[in-house]
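Structural overview
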Amino acid sequence: MNDFLEIFIAKYNYWGFIIIMMIGLYAMIVKRNLVKKIIGMSIFQTAIILFYVSIGAKENATIPILQHSHAGSVQSAEAINYINPLPHVLMLTAIVVSVATLGVALALAIKIYQQYGTLEEDEIQTIINKT
Amino acid sequence: MKVFGLLAVILCGSLLLYSTGDFPDWGDKDSPANTYLSPHYITKSLEETAVPNMVTAVLADYRGYDTMFETTVIFSAGLACFFLLRISNKKEKKRTFYRHIATGIILHIKEGGKIPEDTSKFTQIDSQWTPNDLIIKVTCRMIIPFIQLFGLYVIAHGHHSPGGGFQGGVILGASMILFAISHDLRTTRKRISEKTAAILSTTGVLIYAGTGLLCMLFGAVFLDYSALAWLLGSDPIMARSHGMLMVEIGVGMAVMFVMIWIYYNISSAGKQEEGL
């Protein structure tokens, strides 16, 4: 039990992301409504974004922005005092791109609704099978 | 289906949970992600680019290609929404209602009837039209300029504080979406027409790619901003900082107008008449 607790406390962040990610995956697999599937996809993306950001974290480190003075004195930055900027850069673009792709997904859902009059997957399937 | 889905999710989740044993600890300073490349960014970015915010430096300079194509992806998403949904409404609707603003008299115009031309006196109304939203309108009218000012600050000050083109562009786009929600889509389209949104989002992407091409014209590789030193009248290190600002402005424009454009198409299912 103590071993398990040690592992859990050292890596509890991953447990959180995996739970969030699995909620999103469950929604994508099980829910029949297309809008609910899209919501599941967004939850899945959120879990991945959180995962990336947590990779860049360092203990007792601050945000990756340096103190800047216009006197021209470039102070030396210790890598250990600043968190990793790279995952932040990757996720910054990923968040905006995920909003844009969410727009495309919703546009497709609107188009499907105009065509079939429903967003339920099984009802769409029966309409397709009839024709 | 539900049981099968739950089983698949539990299996997948437990495999992932099992594999976390090999992952670095939370906040580990010596994890693989924090050792090889990132110390170079942290220690060298200020002397190489003169930008204190490392995230902006990495975003617009070290990984300039990546950000350029992310902007292209956003622009393509806007285009995809447009091509999927947009319906040209050249055919007049069967019946339309116009409201005289000063008196509140509603004109019911039958099919083929003459539509009042003076839009400052008559406003077209539809099933979504609600008369009693004065508080919302006035509040939004007071808030929106400050939101936009903050958005411009976030773009312009992205080198020295958290911010940049993506964040500022989203704030600016959200301010116009707030305007569209508080008033209606037709009023918003008078301020920013669909054509304007399309042209300016293209311009944003072109500013980014054009900055890269300008660097090539000055004899450096694509997106190597230090070549712009002569044009900007500064030393090559500061030229990198200024080049990043040019690129961020392009990103901000592209993101803002793509957000507005996507909203126009999705909220009205492509008709761009009624909307939320």
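Up top is the structure.
Residues numbered from 1 in each chain as written. Chains lettered and ligands numbered in written order. Predicted model: local features only at pLDDT ≥ 70, side-chain atom pairs only at ≥ 80, totals over all residues.

**Let's talk about the pairing of strand E1 (residues 96–100) of chain B**
As defined by bridge partners, E1 of chain B adjoins strand E2 (residues 106–109) of chain B across four bridges and the pair is classed as antiparallel. What sits directly across from Arg99 of chain B, in E2 of chain B, is Ile106 of chain B. (Pairing = 2+ DSSP bridges. Helix = DSSP H or I, 4+ residues; strand = E, 2+ residues; numbered from the N terminus.)

**What about the sheet that holds E1 of chain B?**
Residue and element names in this part refer to chain B. With respect to topology, three strands assemble into an open sheet ordered E2-E1-E3, the strand pairing being antiparallel. Edge positions in the sheet fall to E2 and strand E3 (122–125), since each has one partner strand and no second. For this sheet the average axis-to-axis angle between neighbouring strands, irrespective of direction, equals 30 degrees. Inspection of the sheet shows E1 paired to E3 by four bridges, in the antiparallel sense. (Axes fitted to C-alpha atoms, helices over the stretch in contact; angles between N-to-C directions.)

**Side note on helix H7 (residues 165–182) of chain B**
Taking 1.5 Å as the rise per residue, H7 of chain B with 18 residues should run 26 Å; its terminal C-alpha atoms sit 26 Å apart, in good agreement. Of all the 18 residues making up H7 of chain B, 13 are buried; the element is thus mostly covered by neighbouring parts of the structure. (Expected span 1.5 Å × (residues − 1). Buried ≥ 20, exposed ≤ 12 C-beta atoms within 10 Å, placed from the backbone.)

**A look at the interface of chain A and chain B**
With 47 residues of chain A in contact, the opposing surface of chain B contributes 54 residues. Broken down by secondary-structure element, the contributors of at least two residues to the side of chain A that touches chain B are helix H1 (2–10), helix H2 (12–30), helix H3 (34–55) and helix H4 (85–116) of chain A. Here the element with the most residues in the side of chain A that touches chain B is H4 of chain A; it accounts for 18 residues. Per-class residue counts for the side of chain A that touches chain B are 34 nonpolar, nine polar and four charged. (Contact = placed C-beta atoms within 7 Å. Nonpolar A, V, L, I, M, F, W, Y, C, P; charged D, E, K, R; others polar.)

**Some thoughts on the packing of H4 of chain A against helix H5 (residues 64–85) of chain B**
The geometry of H4 of chain A relative to H5 of chain B is characterised by a closest axis approach of 9 Å and an angle of 15 degrees between their N-to-C directions. Between H4 of chain A and H5 of chain B, the angle falls in the class roughly parallel. The chirality of how H4 of chain A crosses H5 of chain B is left-handed. In this structure, H4 of chain A uses Thr93, Val96, Val97, Ala100, Thr101, Gly103, Val104, Ala107, Leu108, Ile110 and Lys111 of chain A to contact H5 of chain B, whose residues at the interface are Thr67, Glu70, Val73, Ile74, Ala77, Gly78, Ala80, Cys81, Leu84 and Leu85 of chain B. (Parallel < 35°, antiparallel > 145°, perpendicular 65-115°, else oblique. Left-handed = near helix turned anticlockwise from the far one by under 90°.)

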